[in-house]
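Structural overview for review
Here is how the chains run, residue by residue.
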Amino acid sequence: MPTTAATAPRARTGGPRDDNPLLEHLLGWTLVLVLAMLLTQTGLV
């Protein structure tokens, strides 16, 4: 295996960047809480 393949920079695929995982976690938990409150208010849970 050539050594240049291991040192090549990763190709960008157009997906989201991994700049701030804390913000992603906070938004995810906010979505979970909002969904839980909605289900509780509608009596589905």
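Just so it is clear, the structure is predicted and the values come from calculations on it, not from any experiment.

Rules of the game
Residues numbered from 1 in each chain as written. Predicted model: local features only at pLDDT ≥ 70, side-chain atom pairs only at ≥ 80, totals over all residues. Heavy atoms only, no water. Helix = DSSP H or I, 4+ residues; strand = E, 2+ residues; numbered from the N terminus. Buried < 20%, exposed > 50% of the residue type's maximum accessible area, 1.4 Å probe, protein only. Areas by Shrake-Rupley, 256 points an atom, 1.4 Å probe, with all protein chains shown as cover. UniProt positions renumbered as here; feature names shortened; annotations may be inferred. Expected span 1.5 Å × (residues − 1). Polar contact = N/O pair within 3.5 Å; in protein donor to acceptor, adjacent residues only side chain to side chain.

1. Some details on the overall build of the protein
A tally of helices and strands in the protein yields two helices and zero strands. Counting only residues that meet the buried cut, the protein has 0% of its 45 residues in that class. Here the protein displays about 4700 Å² of accessible surface, and carbon together with sulfur accounts for 68% of that area.

2. Observations regarding the UniProt feature "transmembrane region" (unreviewed entry) in the protein
Taking the UniProt record as the reference, the feature "transmembrane region" (unreviewed entry) is found at residues 26–44. Secondary structure over residues 26–44 splits into 89% helix and 0% strand, and the C-alpha atoms at its two ends are 25 Å apart.

3. Observations concerning helix α2 (residues 21–42)
Its 22 residues give α2 an end-to-end C-alpha distance of 32 Å, which sits within 8% of 32 Å, the value for a rise of 1.5 Å per residue. At the exit of α2 stands Gly43, carrying a positive phi of roughly 80 degrees.

4. Considering the environment of Thr40
Take Thr40: it is sitting in helix α2. For Thr40, a relative accessible area of 53% puts it in the exposed group. A distance of 2.7 Å separates a polar side-chain atom of Thr40 from the backbone oxygen of Ala36.

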